[in-house]
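So the chains spell out like this:
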Amino acid sequence: MMHADLATARQRLDRTGFLDLDVDPSLDLVAEINRLKREKNAIILAHYYQESEIQDVADYIGDSLGLSQKAAQTDANIIVFAGVHFMAETAKMLSPGKKVLLPDLKAGCSLADSCPPHLFRKFKEKYPDHIVVSYINCTAELKTLTDICCTSTNAVAIIESIPKEQPIIFAPDKNLGAYLVKKTGRDMVLWNGACMVHEIFSHERIVKLKARHPKAKFIAHPECEAHILDLADYIGSTTGLLKFTINDPAQEFIVATEAGILHQMQKASPHKTFIPAPPNNNCACNDCPHMKRNTMEKLYLCMEYEQPEIILPDWVIEQGVHCIDRMLEISEKAGLGLKG
Ligand code: 13P
Ligand code: SF4
């Protein structure tokens, strides 16, 4: 590859989001990525929604809580985040002295985008006596306006840790918020945001699928809408769903979340059958277009050239990290610490 190509690709990063360079198709990407990990003391943290090849080359695969716990604890010099932008930002806030790389800076999140900080600041002013609990799926700047973060694994424990008389704003996911209101009995003010992936499951198609597979358990992520959750035998975070499929005696599961998680489900229970819940379009399953922007080629390039890198202003790190630290403390006390 020509040096000039690299210089141009770097200049274009703002527009492309990734290093737009050709990768030799004969290159053994798994071997190259493993070599770069060793040479650079880098760790790859991957979310369950990444494509299966990326999951297989990662050092740690987990849900949003596990990934943030791992990012806080690692002694690697470089954290390579195979996930979306807010996850890499969270890792940077927790480990500001480390280099945090994201294979594609445009791997965003519709939930994070649905809550612009300048609008949320105005909204918050209307409720001066409320504290703010934000789902971790929000921008670093929104975290500076947040008292406690949560993920889908610890959300109930976080809400229950707050005194009953203390009013709460919950942002940005109205579906997770509505689920938490029902589950905890707390009447929270909800921001009107949603995840584009979890919002488009088809009630009608799921009901038909359940009728065709009467022995299958239907399991769903709490980012789904209430009418989908009402059909579920079990509701949980991606880690919760994975554990459920391992421990439950059922042999067949219909899974309402991003389809990437099926890779670990199938690996953990090779004799069980996993059917992705259908969305309300012609597709059979539901992929997150942001998560799936990361590819093995982009992962290799970002490790080789150490770009794109997550850079945050100091004030954002200083003001935003408290709500994540608070979340990690409460999770630890609730027995939701990192195992293994
Ligand atoms: P969890 O990782 O908490 O299950 O959340 C799923 C998700 O949508 C991440 O973007
Ligand atoms: Fe965001 Fe939804 Fe994609 Fe998760 S699945 S990254 S919440 S858009």
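Because the structure is predicted, anything quoted here is derived from the model rather than measured.

This next bit is on the overall build of the protein. If you tally the helices and strands in the protein, you get 17 helices and twelve strands. A compact globule built from 340 residues would reach a C-alpha radius of gyration of about 20 Å, and the protein, at 20 Å, matches this within 12%. Projected onto the principal axes, the alpha-carbon positions of the protein cover approximately 60 × 50 × 35 Å. In the protein, which comprises 340 residues, the share counted as buried stands at 56%. Of all intrachain contacts in the protein linking residues separated by at least 6 positions in sequence, the fraction that spans at least 24 positions is 65%.

Let us look at the nonpolar core. Core analysis: the biggest nonpolar cluster contains 81 residues, and Phe 81, Phe 170, Phe 218 and Met 265 have the highest contact counts within it. Looking at this core, the element that brings in the most residues is helix H17 (residues 314-333), giving eight residues. In this structure Phe 81 touches Leu 45, Leu 67, Met 87, Ala 88, Ala 91, Leu 101, Leu 102 and Pro 103, once residues within four positions along its chain are discounted. Of all hydrophobic cores here, the second largest spans 26 residues; its members include Leu 21, Val 57, Ala 58 and Ala 82.

Before going further, it helps to examine the sheet that holds strand E5 (residues 131-135). Sheet architecture is open: four strands sit in the order E6-E5-E7-E8, paired in parallel fashion. On the outer flanks of this sheet lie strand E6 (148-150) and strand E8 (189-190), each paired with one strand and no other. Bridge analysis of E5 against E6 gives three bridges, and the strand direction is parallel. Bridge assignment links Ser 134 to a residue of E6, and that residue is Cys 149.

As a matter of local geometry, ligand 1 sits amid 13 residues, with His 47, Ser 64, Ser 152, His 221 and Thr 238 nearest to it. Ser 152 places a side-chain nitrogen or oxygen 2.5 Å from an oxygen atom of ligand 1. With the chains in place, 96% of the 300 Å² that ligand 1 exposes on its own is no longer accessible. Partitioned by chemical class, the residues of the shell around ligand 1 number four nonpolar, seven polar and two charged.

Rules of the game
Here the residue numbers are simple positions, counted from 1 along each chain's written sequence. Labels are handed out in written order, letters beginning with A for the chains and numbers beginning with 1 for the ligands. Only residues with pLDDT of at least 70 get local features here, since the model is predicted, and only at 80 or more are side-chain atom pairs given and counted; chain-wide, interface and lining totals rely on the full set of residues. As a rule here, side-chain values cover all heavy atoms of the structure and leave hydrogens and water aside. Helix numbering and strand numbering both begin at the N terminus, where a helix is a DSSP run of H or I of at least 4 residues and a strand a DSSP run of E of at least 2. We take the radius of gyration over the C-alpha atoms and set the globule estimate at 2.2 Å times the residue count to the 0.38 power. Only protein chains enter the area calculation, which uses a 1.4 Å probe; residues under 20% of their type maximum are buried, those over 50% are exposed, and those in between are partly exposed. Residues count as neighbours in contact if any of their non-hydrogen atoms are within 4.5 Å of one another. Among buried residues, those of type Ala, Val, Leu, Ile, Met, Phe, Trp, Tyr and Cys that are joined through side-chain atoms within 4.5 Å constitute a nonpolar core. Should DSSP find at least two bridges between two strands, the strands are taken to pair. One heavy atom within 4 Å of a molecule or strand is enough for the residue carrying it to be called near that molecule or strand. In protein, a polar contact means a hydrogen-donor-capable atom and an acceptor-capable atom, both N or O and within 3.5 Å, with residues adjacent in sequence counting only if both atoms are side-chain atoms; elsewhere, any N or O pair within 3.5 Å suffices. Accessible areas in this description were obtained via Shrake-Rupley with a 1.4 Å probe; residue shielding takes into account the shown protein chains only. Charged means Asp, Glu, Lys or Arg here, nonpolar means Ala, Val, Leu, Ile, Met, Phe, Trp, Tyr, Cys or Pro, and polar covers whatever is left, Gly included.

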